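In case you want the letters, here they are:
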There are 2 protein chains.
Amino acid sequence: MSAEVECVQKMLEDHGITHTRQREEILSLFIMESKHYKPDEIFKLLRGKGIGIATVYRTLEMLRECGLIKEISVGKDRFYELKNQESKHIYVHFKCNKCGKFFDYYNIEAVQEYVSNVETVEKDMNVKVNDVNINLYGLCSKCKC
Amino acid sequence: MSAEVECVQKMLEDHGITHTRQREEILSLFIMESKHYKPDEIFKLLRGKGIGIATVYRTLEMLRECGLIKEISVGKDRFYELKNQESKHIYVHFKCNKCGKFFDYYNIEAVQEYVSNVETVEKDMNVKVNDVNINLYGLCSKCKC
DNA sequence: CTACCTGCAAAACGTTTGCAAGACG
DNA sequence: CGTCTTGCAAACGTTTTGCAGGTAG
């Protein structure tokens, strides 16, 4: 069993989340391919496996609450993606203003430097920052030509 | 006439947006007090002035398209706020995970440093970044005690 | 006067909820 | 076996749309 799956199972246990066929189907979607999904997309991907849209929403909320996945809002859209367990909770996404496509950004080293600035904000606003979500908007490689 | 108002009028002209009583009411809300509003809040604030909710949505979309205001999505909520015309299009917001309050962050110098990193992203992803939206999540000054 | 804008109400959309039937351990 | 979970359909809140009447220039 991989370390990742073990970690996921521990988190589910810790939150007293029992195992069901539907929850496993949804979770494996996130684990198999680490990308972002809309609730509706998940529903359609799992069509035929007998999972109602209400269950999709209920499961997503449950996984979010126990910190396994995170929610990203971009305009009218809402996505969910696997949450990085190991380290810094920083996420960078890019949305093309022309074609509307939405990309993840993975280069963690580049992102690292953002973190140092968080302390300034914490002091300025007298808050505790746990999560950083950076959304970039512009033109993607195809549309910018 | 202030430089700001002049600038706004020029942008409206440039986009061929004609003047109406309703559009003026909504725009002055943003200009008078530079904060973020939900469509519904605008509708309620202007209640009694005879502005339908459909007009609020249509006007917001129109002002957004011509770059006068910008949209911010946080979970289920959608806000609109005046867009900074002069310089860098960087916006930092903070949402408290406990009480749900949503704050603007204004310390531009602190934010400035974020900009340098954008170039790395542009090169990595082969995109052009026009807008940067940073959402921080954590505990606000009241809730963190 | 013409073209565009508006309010209204209905429709569309994403999300949530109540409930009876079913699955889990 | 009791409890928790599910699918369905209805309810909900937000956003969009069609249309007849009104407004701007």
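Everything that follows concerns the structure shown earlier in this document.
Predicted model only: the values in this text are computed from it and were never measured. (Residues numbered from 1 in each chain as written. Chains lettered and ligands numbered in written order. Predicted model: local features only at pLDDT ≥ 70, side-chain atom pairs only at ≥ 80, totals over all residues. Heavy atoms only, no water.)

Q: So what exactly am I meant to see when it comes to the protein's contact with DNA strand D here?
A: Around DNA strand D, 17 residues are found, and the nearest of them are Gln22(A), Gly50(A), Thr55(A), Arg58(A) and Tyr57(B). Among all atoms of DNA strand D positioned within 4 Å of the protein, those belonging to sugar or phosphate total 76%. Contact distances for DNA strand D include 3.2 Å between a phosphate oxygen and a side-chain N or O atom of Arg23(A). Elements that contribute at least two residues to the surface near DNA strand D include exactly helix H2 (21–32) and helix H4 (53–65) of chain A together with helix H4 (53–65) of chain B. Class assignment of the residues belonging to the surface near DNA strand D gives a composition of five nonpolar, seven polar and five charged. (Near = heavy atom within 4 Å. Polar contact = N/O pair within 3.5 Å; in protein donor to acceptor, adjacent residues only side chain to side chain. Helix = DSSP H or I, 4+ residues; strand = E, 2+ residues; numbered from the N terminus. Nonpolar A, V, L, I, M, F, W, Y, C, P; charged D, E, K, R; others polar.)

Q: Please clarify how the layout of surface pockets should be interpreted in this entry.
A: Any empty space left between the atoms is revealed when a probe the size of a water molecule rolls over them. The computed volume of the largest pocket comes to approximately 620 Å³. Forming the boundary of the largest pocket are 26 residues, of which Arg64(A), Glu71(A), Asp131(A), Asn97(B) and Tyr137(B) lie nearest the centre. Looking at the lining of the largest pocket, the elements that each hand over two or more residues are H4, strand S1 (69–74) and strand S5 (128–139) of chain A together with strand S1 (69–74), strand S3 (90–96) and strand S5 (128–139) of chain B. Among the elements that line the lining of the largest pocket, the one with the most residues is S1(A), at five residues. Each residue belonging to the lining of the largest pocket can be placed in one class, and the counts come to five nonpolar, eleven polar and ten charged. (1 Å grid on protein atoms, 1.4 Å probe; cavity = no way out; pocket = protein on both sides within 12 Å on 5 of 7 lines; lining within 4 Å. Points joined across faces, edges and corners; volume = space filled by probe spheres on them.)

Q: Sorry, what's going on with the pattern of salt bridges here?
A: Where charged atoms from two side chains of opposite charge come close, those side chains can pair. Enumeration over the complete set of coordinates arrives at 15 salt bridges over all chains. Between Lys38(A) and Asp77(A) there is a salt bridge, with its nearest N and O atoms 3.3 Å apart. Of the two residues, Lys38(A) sits in the loop between H2 and helix H3 (39–45) while Asp77(A) sits in strand S2 (residues 77–82), which places them 39 residues apart along the sequence. Taking the relative accessible area as the measure of exposure, Lys38(A) reaches 25% and is therefore partly exposed. The residue Lys49(B) makes a salt bridge to Glu25(B) at a minimum N-O spacing of 3.6 Å. On the criterion of sequence distance, the pair formed by Lys49(B) in the loop between helix H3 (39–45) and H4 and Glu25(B) in helix H2 (residues 21–32) is long-range, its members being 24 residues apart. A relative accessible area of 41% places Lys49(B) in the partly exposed class. Three or more residues joined by partner-sharing salt bridges are found here, namely Lys76(A), Glu71(B) and Arg78(B). (Salt bridge = Lys/Arg side-chain N within 4 Å of Asp/Glu carboxyl O. Buried < 20%, exposed > 50% of the residue type's maximum accessible area, 1.4 Å probe, protein only.)

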